[in-house]
Amino acid sequence: ALFGDLLAAADGSKIFFSVIISDAKAPFSMTTRIGSYDPVQDVANSILYLQQNVRLLGSTSDGLGLYLLPVGQDPDFGAVLRFDLRSNKMKEELPILGTLYASLAPDASLLAVAAFTSTVGDHLEPMLKLYDLRTSPLAPPRTFGLPDSTSQVAGFIWSPEGRELYFLFLPRDITDQPEAANGLWRLNIETGEMSQVAGVTDPGFHIVGIDPRGKWVFIKHESK
């Protein structure tokens, strides 16, 4: 086992988990196992096995499906998968474009992704996109430009009621091991207003959670 995800179902009845496993026989040397855990019955069940690296984004709003993000060597992605738990089959492939990060709203109605858009002279501007998963076919996303065009989003988390999105800023080229971060920020989904919450400058911090009342964002350092 290399890494994985733990996410509560939208109705709170169970915990979904994924495990990415090193597998020399798989096309890209990785397989993904996804299952669920019932904390009341203390029972774990296997749901899905895929011969690729897939991130578990969360369950659908009715609890009858899962949203999955295929992950490759390229940080960009072009689709999100919806798996039907009743038929145990992939139901559809949603045309969602982003880079590195995607996060499902608590009620599974919206999906936030980090992305870049081309401007004059092929300059890439960082942005956030919000896809409304309730639309069929999928409607074009709402887009939000970031206050600092030299930075990019480094992970984000929703407030419990789904009205705000918190995220960290890092210099754009994350492969250069940046010396400083550009703060913890908040986006108001309804108004589109962005504001800085805290001056986090150490690039080693990552967002790991938020308290049930939405009063505290928890960040953890990768090496401390």
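All figures in this text were calculated on a predicted structure; none of them were measured in a lab.

Participant: Give a description of the sheet that holds strand S5 (residues 54-59) that names residues and reports values.
Facilitator: Read from one edge of the open sheet, four strands run S5-S6-S8-S9, paired in antiparallel fashion. This sheet does not close on itself; its edge strands, each paired only once, are S5 and strand S9 (89-94). Across the sheet, the axes of successive neighbouring strands diverge by a mean angle of 30°, strand direction being ignored. Sheet topology note: the strand S8 (residues 80-84)/S9 ladder contains five bridges and is antiparallel. Opposite Leu81, over in S9, you have Glu93 as the bridge partner.

Participant: I'd love a proper account of the sheet that holds strand S2 (residues 15-22), names of residues and values included.
Facilitator: Here four strands make up an open sheet; going across it, the order is S1-S2-S3-S4 and the pairing antiparallel. The sheet terminates laterally at strand S1 (3-8) and strand S4 (43-50), the two strands that pair on one side only. Across the sheet, the mean angle from the axis of one strand to that of its neighbour is 20°, orientation sign disregarded. Here strand S3 (residues 30-38) runs beside S4; their pairing, made up of seven bridges, is antiparallel. Across the sheet, the residue bridging to Arg33 is Tyr49, located in S4.

The rules behind each value
Residues numbered from 1 in each chain as written. Predicted model: local features only at pLDDT ≥ 70, side-chain atom pairs only at ≥ 80, totals over all residues. Heavy atoms only, no water. Pairing = 2+ DSSP bridges. Helix = DSSP H or I, 4+ residues; strand = E, 2+ residues; numbered from the N terminus. Axes fitted to C-alpha atoms, helices over the stretch in contact; angles between N-to-C directions.

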